[in-house]
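Observations on the model geometry
So you can see what is in the structure, the chains are spelled out below.
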Amino acid sequence: MININNPNELLRSLKSLSGPFPSFDVNLLPETPGKLFLQWLNLAIENGVKEPHAMTLSTVDADGYPDARVLILKNVVNDAFYFASGFKSRKGQQLKRNPQAAITFYWPMLGRQIRLRGTVEDMGDEAGAADFLQRSEEARAVALTGNQSRELVREEELEDSLAKQRERISHDPNITTLNWRLYAVNVKEAEFWQGDTHRKHIRVQYYWSEGQWKHRKLWP
Ligand SMILES: Cc1cc2nc3c(=O)[nH]c(=O)nc-3n(C[C@H](O)[C@H](O)[C@H](O)COP(=O)(O)O)c2cc1C
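Residues numbered from 1 in each chain as written. Predicted model: local features only at pLDDT ≥ 70, side-chain atom pairs only at ≥ 80, totals over all residues.

1. Things to note about the overall build of the chain
- When helices and strands are tallied, the chain shows six helices and nine strands.
- With the C-alpha coordinates aligned to their principal axes, the bounding extent of the chain is approximately 60 × 55 × 40 Å.
- Counting across all 220 residues of the chain, residues that qualify as buried make up 23%.
- Put simply, 61% of the contacts in the chain that link residues at least 6 apart link residues at least 24 apart. (Helix = DSSP H or I, 4+ residues; strand = E, 2+ residues; numbered from the N terminus. Buried ≥ 20, exposed ≤ 12 C-beta atoms within 10 Å, placed from the backbone. Contact = placed C-beta atoms within 7 Å.)

Encoded structure:
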């Protein structure tokens with residue numbers, strides 16, 4: 001029986017990093033973090049990791065307070081990691097002011113964490129529209145409302161707006177909105193963390209220096 005009245009005891013009873021985990025050969029590192037990410041992603045997919053493309057995107061607000069939420073990774077091109085979202089959303093506004101972000105992946109089944117930091121670039125109207133048109137009809141209807149992150153006062157407002165957007169889509173299946181943006185995080189620093197059941201975790205950090213990628217190991 002779980003004792004929710006004693007969260008400390010409850011939390012201490014939970015296991016973390018119990019393995020078994022895959023090996024991580026630091027003598028066989030590709031030259032770039034983008035390449036290592038794709039190798040790790042492949043292994044995650046082969047091992048049946050659920051939603052390995054779900055990532056935490058961290059941004060900073062106007063007062064310097066960090067903010068974070070989960071998004072879907074849309075593409076990786078060299079060392080640029082893509083995601084899509086509404087410009088008017090909270091994150092969209094934060095990125096407009098301060099286009100710096102961090103991305104974190106955690107795949108518990110493999111004991112692997114990936115941390116990426118970089119500068120965010122809006123990929124432009126065409127790229128945003130192309131991403132929008134690849135989304136499901138339901139997802140497009142929600143995005144067309146353009147209200148992400150605003151206060152929802154009455155449930156009916158959402159239902160009414162969705163009905164209107166579905167109607168717009170049925171009249172014009174190629175309708176898009178400038179509010180939907182495709183962003184790329186151009187990574188400047190990356191860390192690949194392989195958990196170890198004996199806590200001798202392996203950490204490899206890639207950093208951009210003098211026009212090229214370098215890497216080093218970090219203490220666990
Ligand atoms: C698994 C998962 C995937 C998500 N994917 C996206 C996404 O690709 N784009 C997006 O705008 N929101 C996505 N969300 C919702 C965001 O976490 C968030 O609630 C929303 O973008 C509003 O964030 P903001 O208020 O910080 O702008 C996803 C949430 C989860 C849990």
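2. Considerations on the site of the ligand
- The environment of the ligand is made up of 16 residues, and the closest members are Ser-85, Ser-89, Arg-90, Lys-91 and Ser-149.
- Going through the elements one at a time, strand E2 (66–72), strand E4 (80–86) and helix H3 (90–97) are the ones with two or more residues in the shell around the ligand.
- Ranked by residue count, the leading element in the shell around the ligand is E2, at five residues.
- Partitioned by chemical class, the residues of the shell around the ligand number six nonpolar, five polar and five charged. (Near = placed C-beta within 6 Å. Nonpolar A, V, L, I, M, F, W, Y, C, P; charged D, E, K, R; others polar.)

3. Structural notes on helix H2 (residues 33–46)
- In this model, H2 (14 residues) spans 20 Å end to end at C-alpha, consistent with the 20 Å of a helix rising 1.5 Å per residue.
- Of the residues making up H2, those classed as buried are Pro-33, Leu-36, Phe-37, Trp-40 and Ala-44. What you see down the axis of H2 is that its buried residues fit within an arc of 100 degrees, all on one side. Opposite its buried face, H2 presents the exposed residues Asn-42, Ile-45 and Glu-46, each directed more than 90 degrees away. (Expected span 1.5 Å × (residues − 1). Arc of directions from axis to C-beta.)

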